[in-house]
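One letter stands for each residue in the lines below.
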Amino acid sequence: MRGGEWRLALSGSRVEIDLVKVEHNARELARLCRRAGVAPVGVTKACCGMPEVGRAMLAGGVEMLADSRLENLRRLRESGIGCELMLLRTTVPGRAGDVVELAEVSLNSAPATLEALSAAAQRFGRKHRVIIMVELGDLREGFLPEEVVPAVGRAADLPGLDIVGLGTNLGCLSGVVPTADSFRALARLADEITRKVGIEPSIISGGGTGCLAVLRHGKAPGRLNQLRMGEGVLLGTETVGRTRIPGLYHDAFRIVAEIIEVGRKPSVPPGDRGMRMRAIAALGEQDVAAGALTCELPGAELVGASSDHLVLDVTDCPKLPRVGEEVTFIPGYAALVRAMTSPYLAKVVVSGGLGQVRSWGCG
Ligand SMILES: *Cc1c(COP(=O)(O)O)cnc(C)c1O
């Protein structure tokens, strides 16, 4: 959505964002972290680095904002947000200049990119802080534990870089449950680095939200002292167990769509449940991951979605929706990411009943 199109936003299909709820979630999670001596970092990537969301996280008490994409960091920076920014996804050597320009600290696992970051930092006359990622079972980014000490040894010799810590990412790709042992292993690696390389990686950084589970009785395992959280702040849930975190809002984001058809349709397989009342919402796979939506209309059952049509079985609804009316959905993480990225859905801030339209989409 660009330019004059925004005027349609309050009637078309859209994402409604309650920043008061995002701030509340950030405050609760930041408090949990701080009590355990852990610095909370707010991850904005599922919202494409939307500055209002970043500000709400900061108001709730996160220390720093982090995003996986340079475009999103630029957006946060250009909105005037002054906090330190972290780049989560390591980049290619060719974009090292952007990293140094936009982020104070980055997570890294590629030697060639570290060398390019060093060159860029010298060019800018800055120190760039680096957290070295360690792969501890999620099978995503990071050096293997046995590779870490030599890798840090080489990185420590690169001018312009400060190797400030070790990090790991758990529970994102493989669903490996984060445990205290992972962070004790990082602490041991940090000690070994201090002995053999002579630098002290003082930050032990964990993520994502699922790592909250390792904070027990207000204590963090190993020397874990930083936690990067996105899903928990935005949706009040965590990925590993797909559980709701008590005391947080789960509906800070709502997807609103208009009903474009209501009628009788035979059930599938034909005749299995007789004729059913079906409603079609103006929403599709181009806007959301329909499998990750919960419909708020009482009695409605989500049948499926194609690129532009989302079909609901409304036979058992106490009150049938009518064409032109709106239905709302609570997005899961995959649905939120796609909705925030879809150029077709307006992003509307509704905190305090304001209905302030933000026309920005990633597309
Ligand atoms: C996405 C991401 C996070 C945040 O994960 P959530 O599950 O959304 O809390 C943290 N760290 C890294 C490196 C990430 O890519």
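Residues numbered from 1 in each chain as written. Predicted model: local features only at pLDDT ≥ 70, side-chain atom pairs only at ≥ 80, totals over all residues. Heavy atoms only, no water.

Draft legend 1. The arrangement of the overall build of the protein chain in detail. Scanning the protein chain from terminus to terminus reveals nine helices and 19 strands. Against the compact-globule benchmark of 21 Å for 363 residues, the protein chain has a radius of gyration of 23 Å, which places it among compact chains. Viewed in the frame of its principal axes, the protein chain has a C-alpha envelope of about 75 × 45 × 35 Å. Here the protein chain, with 363 residues, has 51% of them falling under the buried criterion. A separation of at least 24 residues holds for 63% of the contacts in the protein chain among residues at least 6 apart in sequence. Surface exposure of the protein chain reaches about 15,600 Å², of which carbon and sulfur atoms provide 52%. Between the averaged position of the 43 positive side-chain charges in the protein chain and that of its 41 negative side-chain charges there is a distance of 2 Å. (Helix = DSSP H or I, 4+ residues; strand = E, 2+ residues; numbered from the N terminus. Rg over C-alpha atoms; globule rule 2.2 N^0.38 Å. Buried < 20%, exposed > 50% of the residue type's maximum accessible area, 1.4 Å probe, protein only. Contact = heavy atoms within 4.5 Å. Areas by Shrake-Rupley, 256 points an atom, 1.4 Å probe, with all protein chains shown as cover. Lys, Arg positive; Asp, Glu negative; His and termini not counted. Charge placed at Lys NZ, Arg CZ, Asp CG, Glu CD.)

Draft legend 2. Geometry of the pattern of salt bridges. Enumeration over the complete set of coordinates arrives at 24 salt bridges. Of the charged contacts, one joins Glu326 and Arg14 as a salt bridge, the two residues approaching to 3.0 Å between their closest N and O atoms. A residue pair is termed long-range when its members are at least 10 positions apart, and Glu326 in strand β17 (residues 326-331) and Arg14 in strand β1 (residues 14-17) qualify at 312 residues. Across the pair Arg276 and Asp313 runs a salt bridge whose closest N-O atoms are separated by 2.9 Å. On the criterion of sequence distance, the pair formed by Arg276 in strand β13 (residues 275-281) and Asp313 in strand β16 (residues 310-313) is long-range, its members being 37 residues apart. Accessibility expressed as a relative area gives 10% for Arg276, which makes it buried. (Salt bridge = Lys/Arg side-chain N within 4 Å of Asp/Glu carboxyl O.)

Draft legend 3. Here's a closer look at the site of the ligand. Around the ligand lies a shell of 15 residues, among which Lys45, Thr209, Arg228, Gly230 and Glu231 are the nearest. A distance of 3.1 Å is found between a nitrogen atom of the ligand and a side-chain nitrogen or oxygen belonging to Asn169. Here an oxygen atom of the ligand and a backbone polar atom of Gly230 are 2.8 Å apart. In isolation the ligand exposes 390 Å². Once the protein is present, 96% of that is buried. Here the shell around the ligand is composed, by residue class, of five nonpolar, five polar and five charged. (Near = heavy atom within 4 Å. Polar contact = N/O pair within 3.5 Å; in protein donor to acceptor, adjacent residues only side chain to side chain. Nonpolar A, V, L, I, M, F, W, Y, C, P; charged D, E, K, R; others polar.)

Draft legend 4. Just the nonpolar core, in detail. Residues Val53, Leu166, Phe253 and Phe329 are the most contacted members of the largest nonpolar core, which totals 94 residues. With sequence-adjacent residues up to four places away left out, Val53 is seen in contact with Ile17, Leu19, Val22, Cys47, Leu234 and Phe253. In terms of nonpolar packing, the next biggest core, distinct from the first, is built from eleven residues, Val43, Leu88, Met133 and Val164 among them. (Core = buried A, V, L, I, M, F, W, Y, C linked by side-chain atoms within 4.5 Å.)

Draft legend 5. Just the sheet that holds strand β5 (residues 105-108), in detail. The eight strands are arranged β2-β3-β4-β5-β6-β7-β8-β9 in a closed barrel whose pairing can be described as parallel. With strand direction ignored, the average angle separating the axes of adjacent strands in the sheet is 30°. Where strand β8 (residues 203-207) lies against strand β9 (residues 226-229), three bridges are found, and the strand directions are parallel. In the sheet register, Gly206 faces β9, and the bridge partner there is Leu227. (Pairing = 2+ DSSP bridges. Axes fitted to C-alpha atoms, helices over the stretch in contact; angles between N-to-C directions.)

Draft legend 6. Inspection of the pairing of β1 at higher detail. The two faces of β1 match: Arg14 and Glu16 on one face and Val15 and Ile17 on the other face are all buried. Relative to strand β18 (residues 346-349), β1 runs parallel, the two being bridged by four bridges. Bridge assignment links Val15 to a residue of β18, and that residue is Lys347. As defined by bridge partners, β1 adjoins strand β12 (residues 253-266) across four bridges and the pair is classed as antiparallel. The partner of Val15 across the bridge, within β12, is Ile255.

Draft legend 7. Molecular detail of the environment of Met277. Considering the arrangement of structural elements, one finds Met277 in strand β13. Along the primary structure Met277 and Leu158 are separated by 119 residues, whereas in three dimensions their C-alpha atoms are 66 Å apart. Apart from the residues lying within four places of it in its own chain, the contact partners of Met277 are Val262, Gly263, Arg264, Leu312, Asp313, Val314, Thr315 and Leu320.

Draft legend 8. Representation of the packing of helix α1 (residues 19-35) against helix α2 (residues 51-60) within the structure. Packing of α1 against α2 leaves a shortest axis separation of 7 Å and a crossing angle of 40°. Between α1 and α2, the angle is such that the two are oblique. The two elements α1 and α2 meet at a crossing, and its hand is right-handed. Seen from α1, the contacting residues are Leu19, Val22, Glu23, Ala26, Arg27 and Ala30; seen from α2, they are Glu52, Val53, Ala56, Met57, Ala59 and Gly60. (Parallel < 35°, antiparallel > 145°, perpendicular 65-115°, else oblique. Left-handed = near helix turned anticlockwise from the far one by under 90°.)

Draft legend 9. Structural view of the environment of Gly167. Summarising the element assignment, Gly167 is placed in strand β7 (residues 161-167). A C-alpha to C-alpha distance of 6.0 Å links Gly167 and Val134, two positions 33 residues apart in sequence. Apart from the residues lying within four places of it in its own chain, the contact partners of Gly167 are Ile131, Ile132, Met133, Val134, Leu186 and Ser205.

Draft legend 10. Examining the pairing of β12 more closely. Pairing of β12 with β17, which is carried by four bridges, proceeds in the antiparallel orientation. Looking at the pairing, Glu258 lines up with Glu326 of β17. Bridging between β12 and β13 involves seven bridges; their strand directions are antiparallel. Bridge pairing in β13 links Ile259 to Ala281.

Draft legend 11. Quick look at the environment of Gln226. One can find Gln226 in strand β9. Accessibility expressed as a relative area gives 7% for Gln226, which makes it buried. A C-alpha to C-alpha distance of 16 Å links Gln226 and Met57, two positions 169 residues apart in sequence. There is a polar contact of 2.7 Å between the side chain of Gln226 and the side chain of Ser205.

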